[in-house]
Amino acid sequence: MNFALRVKMLKPSPTLSISAKANALKAEGRDIIGFGAGEPDFDTPEHIKEAAIAAIKAGFTKYTAVAGIDELKDAIIQKLQKENGLSYKRAEIVVSSGAKHSLYNIAQVLFEKGDEVIIPGPYWVSYTDIVQLAEATPVIIETGEESGFKVSPDDLEKAMTKRTKAVIFNSPCNPTGATYSESEIRALAEVIASRDVIVISDDIYEKILYDDQIFFNMANVDEELKRKTIVVNGVSKTYAMTGWRIGYAAGSQDIMSQVANIQSQNTSNATSISQKASVAALMGKQDEVFIMVEEFRKRRDYIVSRLNAIEGVRCSKPAGSFYVFPNLSGFYGRRSFMGKKVSGSDSITEYLLEEANVAVVPGAAFGDDRHVRISYATSMANIEKGMNRIADALAKLD
Ligand SMILES: *Cc1c(COP(=O)(O)O)cnc(C)c1O
């Protein structure tokens, strides 16, 4: 079959393929510990489920307005006002089938051949593909542990060209957990303010933030930056609602009306039932979010100390999200007792799966081959057992 070029360029999601491999081994009876998960291991809170059940029983099961029901738009507007200090009108909000869908729609609306889109790396796996599916070119700014995996104004300045159409920001970041402070965002905003560039702010880990760090968005800088910024967020990570598929974008009305147009020709509205559940998530009690984040913080502290106790491993302590991104490159070039050489993040991932029965995600998938991503969205018991296994397996390499 002669497939379209856009499909030939696509990489299958590496996070999903490692899960598939781990699941296949589990099915064979192997006791695999999965650190690949990109979703909270907690259940969706009860009052959110109840709202969905009530919606079904009330017959709220038909098409809705493409950009979302007013009730949910108002809940989003209230959230953005109260928690982020940002004011939007209904016409500036579009609800989509997950934040990934919001990002996809935005890319289709704004990008075309010849456009460059700046993405600080290590980056979430889907950004580059979403940009390429819109025929634009991703421009990666590489960062490392030395800078806390953050870009400086200077880095940003250097990456800008006449073709730069947008910058994608993701703080807290998947996979590094790096989180930008208000002063860091303000410094980056100075580079953007003088240019005709759009900021896409992926705030999906906004609430999964530790140590009294305060969330700050590019749109908070001033009115000009707010006009240039599209805020993308959703309920998946905050409320353990990944399967419900609700995300949203907030931005200027001219862009958002085009986002709604694109959506009207692909999915139409996001699921009516999930929209009602998301109203309950945003408007209801938030205590389960705090319980979840506190549990994540304990796991983060434990996992970072265990990793740093392994000779040859270096792991910085992330300020947000539920991932750690340890540097394992000190083991590259060493051999297992089978004589197989570990040469990079793909092969050390394979080694850990074979030798330690532990599934992690290779850093190469996120644009940094020196690291692997470990998700701690799994129980403390699993983390303890998995860390023991990783320590033993790495000690065997020589
Ligand atoms: C999980 C994730 C998303 C997508 O979330 P959905 O709302 O479930 O589509 C977007 N960005 C990042 C960085 C993520 O990790």
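All chains use their own residue numbering, which begins from 1 and follows the written sequence. Local features are withheld for residues below a pLDDT of 70 in this predicted model, meaning they are given only at 70 or higher, and side-chain atom pairs are given and counted only at 80 or more; totals for whole chains, interfaces and linings count all residues. By convention in this description, side-chain values take in all heavy atoms of the structure and omit both hydrogens and water.

Here the focus is the sheet that holds strand S6 (residues 198-202). Think of it this way: DSSP has to see at least two bridges between two strands before they count as a pair. Numbered from the N terminus, helices here are DSSP runs of H or I no shorter than four residues, and strands are runs of E no shorter than two. Within the open sheet, the 7 strands sit side by side as S2-S8-S7-S6-S5-S3-S4. Their pairing is mixed. Strand pairing shows two members of the sheet lacking a second neighbour, strand S2 (93-96) and strand S4 (137-142), which therefore form its edges. Neighbouring strand axes in the sheet, compared pairwise and without regard to direction, differ in orientation by 20° on average. Pairing of S6 with strand S7 (residues 229-234), which is carried by 4 bridges, proceeds in the parallel orientation. For Val 199, the partnering residue across the bridge sits in S7 and is Thr 229. Residue contacts are defined here by distance: any two heavy atoms, one from each residue, within 4.5 Å place the two residues in contact. To get an axis, fit a line to the C-alpha atoms, keeping to the stretch in contact for a helix; angles then go from 0 to 180 degrees between the N-to-C directions. Against the sheet, helix H4 (residues 70-84) makes contact with S2, S7 and strand S8 (247-250), and its axis sits at roughly 115° relative to S2, the strand it touches most.

Across the sheet, which stays open at both edges, the 3 strands sit in the order S9-S12-S11 with antiparallel pairing between neighbours. Looking along the sheet, the strands with just one partner apiece sit at the ends: strand S9 (323-324) and strand S11 (361-362). Pairing between S11 and strand S12 (residues 372-375): 2 bridges, direction antiparallel. The partner of Pro 362 across the bridge, within S12, is Val 372.

What follows covers unusual backbone geometry. For residues that are not glycine, phi is negative in most cases, and the peptide bond is trans in most cases. The linkage connecting Ser 171 with the following residue, Pro 172, adopts the cis geometry, with an omega of -10°. Topologically, Pro 172 is positioned in the loop between strand S5 (164-170) and helix H8 (182-193). A cis amide bond links Asn 174 with the next residue in sequence, Pro 175, at an omega value of 25°. Within the element layout of this structure, Pro 175 appears in the loop between S5 and H8. A positive phi is found at Asn 357, a non-glycine position, where the angle reads about 55°. Mapped onto the elements, Asn 357 comes out in the loop between helix H13 (345-356) and strand S10 (358-359). By relative accessible area, which is 18% here, Asn 357 ends up buried. Burial status follows relative accessibility: with a 1.4 Å probe on protein chains alone, a residue under 20% of its type maximum counts as buried, one over 50% as exposed, and anything between as partly exposed.

With that out of the way, let us pick up the domain arrangement of the chain. The figure often quoted for interface size is the accessible area lost as the parts come together. Domain delimitation follows an automatic or database domain assignment. The assigned domain composition of the chain is domain 1 (5-43 + 288-395) and domain 2 (46-283). Each of domain 1 and domain 2 has a C-alpha centre, and these two points are 26 Å apart. In this complex, domain 1 contributes 37 residues to the contact, which on the side of domain 2 involves 35 residues. Simply put, the buried area is the total loss of 1.4 Å probe accessible area from both parts when two parts are fitted together. Of the roughly 2,900 Å² buried between domain 1 and domain 2, counting both surfaces, carbon and sulfur atoms make up 57%. Among the residues domain 1 hides against domain 2, the three largest losses belong to Ala 319, Ser 321 and Phe 366. Together they make up 18% of the total. Only one rule defines a salt bridge in this text: a Lys or Arg side-chain nitrogen within 4 Å of an Asp or Glu carboxyl oxygen. On the surface where domain 1 and domain 2 come into contact, there are 3 salt bridges. Here Arg 300 and Asp 211 are joined by a salt bridge, their closest N and O atoms 3.1 Å apart. Contacts described as polar in this section are N or O atom pairs within 3.5 Å, which, within protein, must combine one atom able to donate a hydrogen with one able to accept it, while residues neighboring in sequence count only if both atoms come from side chains. The tally of links from domain 1 across to domain 2 stands at 15 residue pairs in polar contact (both at pLDDT 80 or more). Within the residue set of the side of domain 1 that touches domain 2, elements represented by two or more residues are helix H2 (14-27), helix H12 (287-308) and S9. A total of 7 residues in the side of domain 1 that touches domain 2 trace back to one element, the largest contributor, which is H12.

Summarising burial for S7: 6 of the 6 residues are buried, a large majority. Across the two faces of S7 the burial is the same, with Thr 229, Val 231 and Asn 233 and Ile 230, Val 232 and Gly 234 all buried. Where S7 lies against S8, 4 bridges are found, and the strand directions are antiparallel. Paired with Gly 234 across the two strands is Gly 247, which belongs to S8.

For the rest of this paragraph, the subject is the site of the ligand. Around the ligand there are 13 residues in total, and Ala 99, Asp 202, Tyr 205, Ser 236 and Lys 237 lie nearest to it. One nitrogen or oxygen atom from the side chain of Asp 202 is found 2.6 Å from a nitrogen atom belonging to the ligand. Between the ligand and the protein, one listed contact pairs an oxygen atom with a side-chain N or O atom of Lys 237 at 3.0 Å. Here the accessible surface of atoms and residues is derived via Shrake-Rupley with a 1.4 Å probe, and residues count as covered only by protein chains that are part of the display. When isolated, the ligand has an accessible area of 390 Å², and the protein chains bury 94% of it. With respect to the detected pockets, the ligand is housed in the largest pocket. Among the residues forming the shell around the ligand, the class breakdown is 5 nonpolar, 4 polar and 4 charged. Neighbouring residues are identified by heavy atoms, a residue being near a molecule or strand if any of them is within 4 Å of it. Every definition here rests on a 1 Å grid over the protein atoms only: cavities are sets of points where a 1.4 Å probe fits but cannot get out, pockets are open sets enclosed by protein on both sides within 12 Å along at least five of seven lines, and lining residues have some atom within 4 Å of a point. Whether a molecule sits in a cavity or pocket is decided by its atoms, more than half of which must lie within 2 Å of the grid points. Here the nonpolar group is Ala, Val, Leu, Ile, Met, Phe, Trp, Tyr, Cys and Pro; Asp, Glu, Lys and Arg are the charged ones; every other residue, Gly included, is treated as polar.

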